[in-house]
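Geometric and topological summary
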Amino acid sequence: MKHNAQKILAWLTLAWLMGAVLIPALPASATAGGILLFTKHTGIAVTPGELINHTVDIINDSNSIQQVSLQVVEQPKGWEATLMAGGWEISRLSVKPRSEESFTLQIKVPLQVEKGSYRFTIRAIDNNGRTATLPILTEVTEQGIFKTELETDQPSMQGSADATFNYRLTLRNRTADEQLYALSADAPRGWSVDFMVQAQRVTSVKAEANTTQGINVTINPPAEIEAGIYTIPVKAQAGLSSAEVELEVNITGTYNMELSTPTGRLNASITAGRDRMVELQLSNTGSKELRDIKLNSSAPVDWEVRFEPKSIASLLPGELATVNAYIKSSDKAIAGDYVVNVRAQTPEATDSVDFRVTVHTSVLWGWMGVLIIGVVGYGIYHLFRRYGRQ
Amino acid sequence: MTLLKEKKIAALFRRTRFMRQRVYHSRHPFWVMVQKEVMDSINSWRFIILLGLMLLTTVASLYTAMSNLRSAILDDTATPFVFLKLFTATDGTLPPFITFISLLGPIIGIALGFDAVNSERGRGTLSRLLAQPIPRDYIINAKFVASLLLITVMILTLGLLMTGIGILVTGIPPTPEEFWRIFFFLLVSIVFIGVWLNLAIMFSVRFRQPATSALSGLAVWLFFSLFFSMLVNIIVEATAPAHITDVTQIIGYQGFVQNLLRISPSQLFSEATTTLLVPTIRTLGPITLEQAYGAIAGPLPLGQSLLLVWPQLTGLTAAACIIFGLSYVLFMKQEVRSRS
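Everything numeric here is computed off the predicted structure, so don't read it as measured data. (Residues numbered from 1 in each chain as written. Chains lettered and ligands numbered in written order. Predicted model: local features only at pLDDT ≥ 70, side-chain atom pairs only at ≥ 80, totals over all residues.)

1. Examining the nonpolar core
Counting 97 residues, the largest nonpolar core has Ile151 and Leu316 of chain B as its most contacted members. Setting aside residues no more than four positions away along its own chain, Leu316 of chain B makes contact with Val191, Phe192, Val195, Pro265, Leu268 and Phe269 of chain B. One finds Val205, Ala236, Leu247 and Ile251 of chain A within the second-largest nonpolar core, a separate group that totals 22 residues. (Core = buried A, V, L, I, M, F, W, Y, C linked by C-beta atoms within 7 Å. Buried ≥ 20, exposed ≤ 12 C-beta atoms within 10 Å, placed from the backbone. Contact = placed C-beta atoms within 7 Å.)

What follows is the structure, given as C-alpha cells:
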C-alpha cells in the first residue's frame with residue numbers, strides 16, 4: 001500500500017515536472033487563477049483508535065467563484081476518512097474569489113494497525129478542471145492491538161492480616177465491539193475478592209468499544225494467614241479477548257498471643273503460706289514467631305509467683321507452650337479471694353490473665369482448738385472417774 | 001428432784017399402762033432423771049415466761065428484719081445470701097435476732113440453772129435423792145443435761161420458726177449453705193447459753209440461797225454486758241502507747257485490746273455469730289494494707305468462716321466445760337446433810 005502510494009506520488013511528481021517543462025503555457029496550481037489546498041499539520045503521529053481532525057484550507061486564487069469538488073483519492077486500506085464542513089459530510093465546496101474556506105478531514109485510526117507511516121491524499125478539482133492535491137502523512141507510533149487491557153496504578157499493597165486491601169483497576173476495551181467481561185480472581189483458599197463497580201458488587205462488567213471502565217477490587221485475606229507476599233491474578237474475560245493483572249498483597253505479620261490455662265479455669269485455691277502449682281497455657285495466635293517470651297506477675301504483698309520455665313525462647317504461630325506457675329501466698333493472707341495477675345510479654349505482644357485465688361487459712365489452729373477441747377473433755381472425764389461412783 | 005418420787009409412786013402403783021411402758025423403756029436411771037427434770041421445768045411458769053420472752057423476741061426481730069430486708073439487700077449486692085439477712089438486718093430501732101440472743105441468752109441460762117441444786121437442798125430433797133441407789137454425780141449431770149436439752153429445743157424451735165416464717169413471708173428458700181450457717185449459728189447459741197447455764201449451776205452449788213445464786217449470776221452477766229467494756233476502756237487508756245512509731249506496734253496493740261475484750265463470752269459469741277451469718281466477713285482482727293492489697297470482696301465458704309471463728313468456738317466450748325467441771329467438783333466435794 002505504501003509502495004503503491006509512493007509509486008503514485010512518483011508518477012504524479014513526474015507528471016507535474018513534465019507538465020511544467022512541456023506545457024509552460026498552462027498555469028500551475030500555485031499560480032494565479034487556481035485553487036490551493038493548505039494544512040498546517042502535514043505529518044502527525046497518532047495511536048491506534050484515535051480520531052484525527054485535520055483542518056484543511058482551500059484558497060481560491062482566481063477572480064471567480066470556484067466550485068471545488070473534493071475527494072480523498074488515497075487512503076490506506078481499512079482506514080476511514082471523511083471530509084466534513086459545517087457539520088456535514090461534504091464532497092463539494094464553494095469558495096469566494098480571492099478567499100479561502102476550510103473543511104475538516106476526519107480520520108479514524110483503526111485499532112488493529114501496523115506501526116508505520118500512512119499516507120492520505122486529498123484532491124480538489126475546480127470549475128476549470130484544474131486540480132490541487134494535498135498529501136497528508138500519518139505516522140502510527142504504536143502497534144494497533146485490538147485487545148483488552150486491564151491495569152492498575154497500584155498493584156502492590158501492604159497491610160496486616162485483618163486489613164482490607166482496595167485496588168483500583170482500569171479495564172480498557174480496545175476492541176472494535178462492545179464487550180461483556182466476566183471478572184474473576186484466582187485467590188488462594190480463604191481469601192475473599194470482591195469486584196465493585198459504582199459501589200455495586202459485580203461479577204461482570206460491560207465496556208463499549210474503545211472505552212475504559214473503572215473497577216474496584218476489595219481483597220480480604222484470611223485472619224490466620226502467615227506473613228508474606230501473595231499474588232492474586234485478576235482476570236477480565238470476554239468472548240474473544242481477555243486481560244489479566246496480578247495484584248500483590250504483602251501481608252505483614254501480626255504478633256498476638258493468648259495466655260490461659262489448659263482448662264480455661266482461672267481460679268485456684270491455696271492455703272495461706274503454702275504454694276500451689278497452676279498450669280498456664282500460652283498460645284501464639286498471631287502470624288509471626290514470638291521470641292523470648294517473658295513471664296511475670298503482680299501479686300499481693302509478700303506473695304511469690306515463680307514460673308517454670310521462666311521464659312520461652314521461641315513460639316511459632318499456632319503453637320502452644322505450657323508453663324507451670326507456682327503461686328505462694330503470704331502466710332499473713334486472710335481467708336477469701338485475692339487477685340493474682342500473670343503476664344506474658346514480648347516487645348511485640350503481651351497478654352495477661354487474672355487469677356482469682358481463694359485463700360484458705362491453715363487448719364492447724366483448728367486442730368489446736370480440737371486439742372484444747374479434747375484436753376478439757378479429758379479433764380471432765382477424769383473428774384467423773386475420780387468422783388463419779390461414790 | 002421431786003418428780004423422782006412421783007415416778008417411784010407411779011411405778012409402784014402402776015398408774016397407767018402407758019406410764020408403765022415409758023418407765024420400762026427408760027433404759028437407764030440417768031435418763032429417767034433427765035426426763036423428770038425436763039418435765040419439771042416444762043411445767044414450770046419460769047419456762048413458759050422464758051419461752052414467751054423468746055417468742056416475743058423472735059417476732060420483734062423478724063418484724064424488724066422484714067421491714068429492712070429490701071434496703072439491706074439493695075445495700076449489699078455483693079453477696080447472694082438474702083436469707084441470712086433475716087437474722088442480721090435491722091433499722092436501728094430494734095436489735096436483730098443475733099443481738100437478742102446475745103442479750104437474752106445469758107438470762108435463759110441463768111434462769112434455768114440458778115436454783116438447780118440449792119432449791120433441792122433447801123427443800124431437803126437432796127439428801128433423799130442421794131439415799132437412792134444412784135451415783136451422786138447423776139444428780140448434777142442430769143440437771144445439766146436436762147436444762148441443756150430444754151435450751152436446745154428452745155433455740156432450735158425459735159431458729160426454725162424464724163426460718164419458716166422467713167420463707168413464708170419472703171418466699172425465698174434458704175440455700176443449703178445458708179441452712180448450714182443458720183444451723184451452726186443455733187449451735188453456737190446453745191453453747192453460749194450453756195456457758196451461762198453452767199455458771200448458774202455452779203453458783204447454785206456454791207450458794208445455799210437461790211436468791212444469792214441468781215443474783216450472783218445476774219451480777220456476772222451485768223458485769224460482762226455493761227461494765228466490762230468500760231473496764232477495758234480504762235485499761236486501754238492507761239496502757240495505750242504514747243508514741244506510735246510502727247504499724248506492727250499499732251496492730252499488736254489492737255490485737256491486745258481485742259483479746260482483752262474476748263474474755264467476755266458475749267464478745268466471743270457476737271464475733272462467732274456475726275462471722276457465721278455475714279459471710280463477707282473475712283477477718284476479725286485489724287488488717288494491714290498489705291493484706292488487703294489484691295483482695296477481692298466476696299463471701300467466704302462456710303468451712304473458712306468456721307475456721308475463722310474456730311478459736312471463739314473453742315473458747316466458748318472450753319469455758320462451758322471448765323465451768324461445768326468446777327461445779328461438778330464443788331458438788332461432789334460438798335457435804336450433804338439431811339435438813340439442818
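2. Overview of the interface of chain A and chain B
Taken together, the 31 residues of chain A in the interface contact 30 residues of chain B. Tallying contributions element by element places helix H2 (residues 364-387) of chain A first for the side of chain A that touches chain B, with 12 residues. Taken together, the residues of the side of chain A that touches chain B sort by class into 17 nonpolar, nine polar and five charged. Bridge analysis of strand E28 (residues 336-345) of chain A against strand E1 (residues 295-296) of chain B gives two bridges, and the strand direction is antiparallel. Its bridge partner being in E1 of chain B, Asp337 of chain A is matched across the sheet by Ile296 of chain B. (Helix = DSSP H or I, 4+ residues; strand = E, 2+ residues; numbered from the N terminus. Nonpolar A, V, L, I, M, F, W, Y, C, P; charged D, E, K, R; others polar. Pairing = 2+ DSSP bridges.)

3. Looking at the sheet that holds strand E1 (residues 35-39) of chain A
The antiparallel open sheet is built from five strands, whose spatial order is E1-E3-E8-E5-E6 (chain A). Of all the strands in the sheet, just E1 and strand E6 (88-89) of chain A have a single pairing partner and so form its edges.

4. Considerations on the confidence of the model for chain B
Residues and elements named next belong to chain B. Overall, the prediction assigns chain B a mean pLDDT of 82, with 90% of residues at 70 or greater. Put simply, helix H2 (residues 17-25) is where chain B has its lowest mean pLDDT, 50, and helix H10 (residues 176-206) is where it has its highest, 92. The low-confidence segment residues 12-21 (pLDDT under 50) makes three contacts with residues lying over four places distant or belonging to another chain. The complex model carries a pTM of 0.65, and its ipTM stands at 0.73. (pLDDT = per-residue confidence, 0-100.)

5. Side note on the confidence of the model for chain A
All names here are of chain A. Averaged over every residue, the pLDDT of chain A is 83; the share at 70 or more is 91%. Within chain A, helix H1 (residues 2-22) has the poorest average pLDDT of any element, 61, and strand E15 (residues 192-197) the best, 91. This stretch, residues 20-32, has a pLDDT under 50; its non-local contacts, to residues over four places away or in other chains, come to 11 contacts.

6. Some remarks on helix H4 (residues 45-75) of chain B
Residues and elements named next belong to chain B. Helix length check: H4 (31 residues) gives 43 Å between terminal C-alpha atoms against 45 Å at 1.5 Å per residue, within 8%. Of all bends in H4, the biggest is about 50 degrees, found at Asn68. Three or more residues of H4 are buried, namely Leu50, Met54, Ser61, Thr64, Ala65 and Asn68. Here the buried face of H4 lies against helix H5 (85-88), helix H6 (97-113) and helix H9 (137-170). (Expected span 1.5 Å × (residues − 1). Bend = angle between axes of the 7 residues up to and from the residue.)

7. Points about the packing of helix H13 (residues 265-277) of chain B against helix H16 (residues 310-333) of chain B
Residues and elements named next belong to chain B. The interhelical angle for the contact between H13 and H16, taken along N-to-C directions, is 140 degrees, at an axis separation of 9 Å. In terms of their interaxial angle, H13 and H16 are classed as oblique. As H13 packs across H16, the resulting crossing turns out to be left-handed. Of the residues in H16, those touching H13 at Pro265, Leu268, Phe269, Glu271 and Ala272 are Gln312, Leu313, Gly315, Leu316 and Ala319. Split into classes, the residues belonging to the contact of H13 with H16 amount to seven nonpolar, two polar and one charged. (Axes fitted to C-alpha atoms, helices over the stretch in contact; angles between N-to-C directions. Parallel < 35°, antiparallel > 145°, perpendicular 65-115°, else oblique. Left-handed = near helix turned anticlockwise from the far one by under 90°.)

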